[in-house]
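Chain residues, written in single-letter form:
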2 protein chains.
Amino acid sequence: MSGPDTIRPKRLSRAEAKLRTRELLLESAARTFARKGFGGASVEEIAESAGFSVGALYSNFANKEQLFLELMSARATSRVTEASEILEEGNLGETDPLAALGRMLADVADLDIDFAPLQAEFWLYAVRNPHVLDTVAARMRESREALQRLIDATSRRAGTDLGVPSETVATVVFALLQGLVRQRRLDPGSVPPELFSQALRWLFTGLEESA
Amino acid sequence: MSGPDTIRPKRLSRAEAKLRTRELLLESAARTFARKGFGGASVEEIAESAGFSVGALYSNFANKEQLFLELMSARATSRVTEASEILEEGNLGETDPLAALGRMLADVADLDIDFAPLQAEFWLYAVRNPHVLDTVAARMRESREALQRLIDATSRRAGTDLGVPSETVATVVFALLQGLVRQRRLDPGSVPPELFSQALRWLFTGLEESA
DNA sequence: GTCTATAAACAGATAGAC
DNA sequence: GTCTATCTGTTTATAGAC
């Protein structure tokens, strides 16, 4: 009768091992789908890049599509939400939140090279497959809401009234930043890191003006 | 010795017929790549959707990739350039160019359902294949320049100084509009048609303010 | 739970008929 | 110049060994 791992807590239980396998496969899937696309990535490639065989993959996921969908649900927009939360908590009053947000986005564009392609792949899958469109749209809304909270907090602190629902503002800011990240990937010279915060500043100046 | 088609001008010469075949194949490729992606679209599907067989396709294009690249070169950004030119010529002083541009973009998002997915597919291909990145970036620059000319003309007419190079402004406007078009595809309710021109107005108000 | 081996379907690309 | 038939490699997915 082997009890719980009291002697060697490092050894993983079967359930933990399987969860870890899933985790590794999802990470590998993110990399591979980002670099090759849904159609271009093979399940064998994904499995081997994670250090497993196809069998292990199919023991954890029903098929290629379900693996993709699960990955999408897990991190469709997690990075943005994450970022917004960091800004929300970390910069309560100290530095310029717009500048911080801009810097961070430029970093995402440059350092997390799989992020934008993966987002694009998710978006494409959503617009091509009506039955998952609502799910992706909902995830996107979560990110937008995170951004919206940040905008609310910032304008409240500054004592300014934007004159329009912050939901609308968040939508525009979200679109702007996403567009700039993509353009920077294509032609870094045309989108210097400062442009992110600069563009935001123009937008908010205009908003306050028209309030 | 058969001379030129003097009797029945409707009959196409072999060269014309081949050109027409290429044209039809490219159109079909645009539809199919937009709906299924590069990896998901099969050459057979593309050929048959155009009313031809695979043989005809391979007689006109070296392979699937070259077909895709040729399509990309042909219309990577033609729609935007087109649109800018229409606005540039058509609205010399009459209506609000910002409102017209916004309306048009909303229409593109709603009516030309293959446009945005195809753009996304091109972008993905470019960031995944370094050897075509410069080509796509160059095409994108052409569109940006068209937009820039429109902005220049508009601000000149209005007698305002933007305070920043119009190249920079065009980059930001371009990113903003692209982001809104994509977001509208995902969740039309969050991006009403008026938002396109409204967002542009905020941006330009802020720009003029900071000049 | 994961691996190896394999089945079954499909893709891209070519050759020869017309 | 286009079509039909086919070759070849690769893909997804499964079955059975460990």
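Residues numbered from 1 in each chain as written. Chains lettered and ligands numbered in written order. Predicted model: local features only at pLDDT ≥ 70, side-chain atom pairs only at ≥ 80, totals over all residues. Heavy atoms only, no water.

> Account for the relation of the copies chain B and chain A, with residues named and values stated.
Rotating chain B by 180° and translating it 0.0 Å along the rotation axis places it on chain A, where the RMSD comes to 0.1 Å. What we have between these two chains is a two-fold relation. When the interface residues of chain B are mapped onto chain A, 100% of them are again interface residues, pointing to one common binding face. (Least-squares fit on C-alpha atoms with pLDDT ≥ 70 in both. Contact = heavy atoms within 4.5 Å.)

> Please give an account of the side chain of B:Ser143 that cites residues and values.
Residues and elements named next belong to chain B. The residue Ser 143 is located in helix 8 (residues 130–158) in this model. When its relative accessible area of 0% is taken as the criterion, Ser 143 is described as buried. Sequence-distant contacts of Ser 143, defined by excluding residues within four places in its chain, comprise Thr 77, Val 80, Thr 81 and Phe 174. (Helix = DSSP H or I, 4+ residues; strand = E, 2+ residues; numbered from the N terminus. Buried < 20%, exposed > 50% of the residue type's maximum accessible area, 1.4 Å probe, protein only.)

> Provide a residue-level description of the protein's contact with DNA strand C, including the pertinent values.
Around DNA strand C, the surrounding shell holds 16 residues, and the nearest of these are A:Thr21, A:Ser53, B:Val43, B:Tyr58 and B:Lys64. In DNA strand C, the atoms that sit within 4 Å of the protein are 71% sugar and phosphate, with bases accounting for the remainder. Between DNA strand C and the protein, one listed contact pairs a phosphate oxygen with a side-chain N or O atom of A:Asn60 at 3.2 Å. Between B:Tyr58 and DNA strand C, the recorded distance is 2.7 Å, taken from a side-chain N or O atom to a phosphate oxygen. Breaking the surface near DNA strand C down by element, the ones donating at least two residues are helix 1 (14–40) and helix 3 (54–60) of chain A. The leading source of residues in the surface near DNA strand C is helix 3 of chain A, at five residues. (Near = heavy atom within 4 Å. Polar contact = N/O pair within 3.5 Å; in protein donor to acceptor, adjacent residues only side chain to side chain.)

> Which residues make up the interface of chain B and chain A, and what values go with them?
Counting residues at the interface gives 45 residues for chain B and 45 residues for chain A. The contact between chain B and chain A buries some 3800 Å² in all, and 71% of this surface belongs to carbon and sulfur atoms. Broken down residue by residue, the surface that chain B buries against chain A is led by B:Trp123, B:Leu186 and B:Trp202, which jointly contribute 22%. We note a salt bridge from A:Arg128 to B:Glu121, for which the minimum N-O separation is 2.6 Å. The tally of links from chain B across to chain A stands at eleven residue pairs in polar contact (both at pLDDT 80 or more). Counting only elements with at least two residues in the side of chain B that touches chain A, the list comes to helix 1 (14–40), helix 7 (115–128), helix 8, helix 9 (166–186) and helix 10 (193–210) of chain B. (Buried area = accessible area lost by both parts, 1.4 Å probe. Salt bridge = Lys/Arg side-chain N within 4 Å of Asp/Glu carboxyl O.)

> Break down helix 9 (residues 166–186) of chain A for me, with residues and values.
Between its first and last C-alpha atoms helix 9 of chain A spans 30 Å; for 21 residues at 1.5 Å apiece the expected length is 30 Å, and the two agree. Judged by how many residues are buried, helix 9 of chain A sits mostly within the fold: 18 of 21 residues are covered. (Expected span 1.5 Å × (residues − 1).)

> Before we move on, could you go through the packing of helix 7 (residues 115–128) of chain A against helix 8 (residues 130–158) of chain A and cite the residues and values that matter?
Residues and elements named next belong to chain A. Across the interface, helix 7 lies against helix 8 with an axial gap of 6 Å and an inter-helix angle of 135°. Judged on the interaxial angle alone, helix 8 and helix 7 are oblique. Taken together, the residues of helix 8 that come into contact with helix 7 (itself represented by Tyr 125, Ala 126, Val 127 and Arg 128) are Pro 130, Val 132, Leu 133 and Val 136. Its residues assigned to classes, the contact of helix 7 with helix 8 comprises seven nonpolar, no polar and one charged. (Axes fitted to C-alpha atoms, helices over the stretch in contact; angles between N-to-C directions. Parallel < 35°, antiparallel > 145°, perpendicular 65-115°, else oblique. Nonpolar A, V, L, I, M, F, W, Y, C, P; charged D, E, K, R; others polar.)

> Account for the protein's contact with DNA strand D, with residues named and values stated.
Taken together, 16 residues surround DNA strand D, and among them A:Val43, A:Tyr58, A:Lys64, B:Thr21 and B:Ser53 come closest. One of the backbone N or O atoms of A:Ala41 is found 3.4 Å from a phosphate oxygen in DNA strand D. At 3.2 Å from a phosphate oxygen of DNA strand D is found a side-chain nitrogen or oxygen belonging to B:Asn60. Residue assignment for the surface near DNA strand D shows that the elements contributing at least two residues are helix 1 and helix 3 (54–60) of chain B. At five residues, helix 3 of chain B tops the list of elements feeding residues into the surface near DNA strand D.

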